[in-house]
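# A structural walkthrough
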Amino acid sequence: MPSDSSQSPPSPDRRWLIALAWVWVGVPLAYGLYELVRKATQLFTG
């Protein structure tokens, strides 16, 4: 059975791009969730 090249791990020169993409999405997502929890706490506690 031939090996499938689409299943190979990303090359080292593209790993930084993948990491940057995760940071690009993860930081605003984490901040948004933080703000959501903070404002929901204010809403329910007065």
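Only a predicted model underlies this, so the values are computations on that prediction, with no experimental measurement involved. (Residues numbered from 1 in each chain as written. Predicted model: local features only at pLDDT ≥ 70, side-chain atom pairs only at ≥ 80, totals over all residues. Heavy atoms only, no water.)

## A short note on the overall build of the protein chain
What the protein chain contains, in helices and strands, is 1 helix and 0 strands. With 46 residues in all, the protein chain has 2% of them scored as buried. Here the protein chain displays about 4600 Å² of accessible surface, and carbon together with sulfur accounts for 70% of that area. (Helix = DSSP H or I, 4+ residues; strand = E, 2+ residues; numbered from the N terminus. Buried < 20%, exposed > 50% of the residue type's maximum accessible area, 1.4 Å probe, protein only. Areas by Shrake-Rupley, 256 points an atom, 1.4 Å probe, with all protein chains shown as cover.)

## Regarding the pattern of salt bridges
In total, this model carries 1 salt bridge according to the counting rule given. Across the pair Arg 38 and Glu 35 runs a salt bridge, and its minimum N-O distance is 3.0 Å. Taken as a pair, Arg 38 and Glu 35 lie in helix H1 (residues 12-45) at a separation of 3 residues, close to a single helical turn. By relative accessible area, which is 36% here, Arg 38 ends up partly exposed. (Salt bridge = Lys/Arg side-chain N within 4 Å of Asp/Glu carboxyl O.)

## What to know about the UniProt feature "transmembrane region" (unreviewed entry) in the protein chain
Residues given the UniProt feature "transmembrane region" (unreviewed entry) here are residues 16-34. With 100% helix and 0% strand, residues 16-34 has end C-alpha atoms that lie 26 Å from one another. (UniProt positions renumbered as here; feature names shortened; annotations may be inferred.)

## Re a nonpolar patch on the surface
Together, Trp 16, Leu 17 and Leu 20 make up a nonpolar patch on the protein surface, roughly 320 Å² of accessible area in all. The partly exposed category is assigned to Leu 17, whose relative accessible area is 37%. (Patch = residues over 30% accessible without salt bridge, like charges linked within 9 Å, V, L, I, M, F, W, Y side chains within 5 Å.)

## Structural notes on the environment of Pro 10
Residue placement: Pro 10 occurs in the segment before H1. Beyond its immediate stretch of four places on either side in the chain, Pro 10 contacts Arg 15 and Ile 18. (Contact = heavy atoms within 4.5 Å.)

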